[in-house]
Structures are given as structure tokens and as C-alpha cells.
Amino acid sequence: EDDPYRAATHNKGVMNGIDSAAIAMGQDWRAIEASCHAAACSGGAYGSMTKYWTEDGYLLGKLEMPIACGSKGGALTTHPLYKL
């Protein structure tokens, strides 16, 4: 969490999965990517979008991302590829 280079590599791995889902749903993956990386540095230094910890012998994790997306309606109705 403290190493910005490791956080950048980790976040890019997370974003690879998010981007593919966004593209499949007709979302603007570039805007999602930009907002997530901007949020990752909102604390004054670039950090991981995920947090992991153990509790009662269980590995727990949390992912926070500032995105709003859908699979139907809104701006998607104007996207020509979405109509296919």
C-alpha cells in the first residue's frame, strides 16, 4: 500500500478486468480508467484501490472505485454499437 510503483502495477491489473467489463457493456472505459486512477491519488500520493486484511482467520478485501455505469439506457441509447 505504501509503494506507489507496486500500487500502479496492482491497480492496472484491477483495471484490466474492469475495462473489459466496461467495454462489453458499452461504457466509456477511458473515463472509468481516468477516474479510478485519479481517485487512487486523491490522498496526496498514489496508492492501491484495494485494501486487504485478516480477521478471525479470514482474508478480507475491499475495492473502492468512483464509477457509475449501467447496461441499458441513458447515453448508451445513442451509442451506435450498442444497438447491434
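Residues numbered from 1 in each chain as written. Predicted model: local features only at pLDDT ≥ 70, side-chain atom pairs only at ≥ 80, totals over all residues. Heavy atoms only, no water.

Draft legend 1. Structural view of the overall build of the protein chain. Across its full length, the protein chain carries two helices and two strands. Seen in sequence order, the protein chain has helices and strands lined up from the N terminus as α-α-β-β. Going through the 84 residues of the protein chain one by one, you find that 20% of them count as buried. Residue pairs at least 24 apart in sequence account for 53% of intrachain contacts in the protein chain once pairs closer than 6 positions are excluded. Just so you have it, the protein chain exposes about 6,000 Å², and 59% of that area is on carbon and sulfur atoms. (Helix = DSSP H or I, 4+ residues; strand = E, 2+ residues; numbered from the N terminus. Buried < 20%, exposed > 50% of the residue type's maximum accessible area, 1.4 Å probe, protein only. Contact = heavy atoms within 4.5 Å. Areas by Shrake-Rupley, 256 points an atom, 1.4 Å probe, with all protein chains shown as cover.)

Draft legend 2. Summary view of the confidence of the model for the protein chain. Of all residues in the protein chain, 80% attain a pLDDT of 70 or more, and the chain-wide mean is 84. Looking over the protein chain, one finds the lowest element-wise mean pLDDT in helix α2 (residues 29-40), namely 90, and the highest in strand β2 (residues 58-63), namely 95. (pLDDT = per-residue confidence, 0-100.)

Draft legend 3. Focus on the nonpolar core. Listed in full, the eight residues of the largest apolar core are Val14, Met15, Ala22, Ile32, Cys36, Ala40, Met49 and Met65. Put simply, the parts of the chain that give this core at least two residues each are α1 (4-24) and α2. Leaving out residues up to four positions away in the same chain, Met49 has contacts with Asn11, Val14, Met15, Cys36, Ala40, Lys62, Leu63 and Glu64. (Core = buried A, V, L, I, M, F, W, Y, C linked by side-chain atoms within 4.5 Å.)

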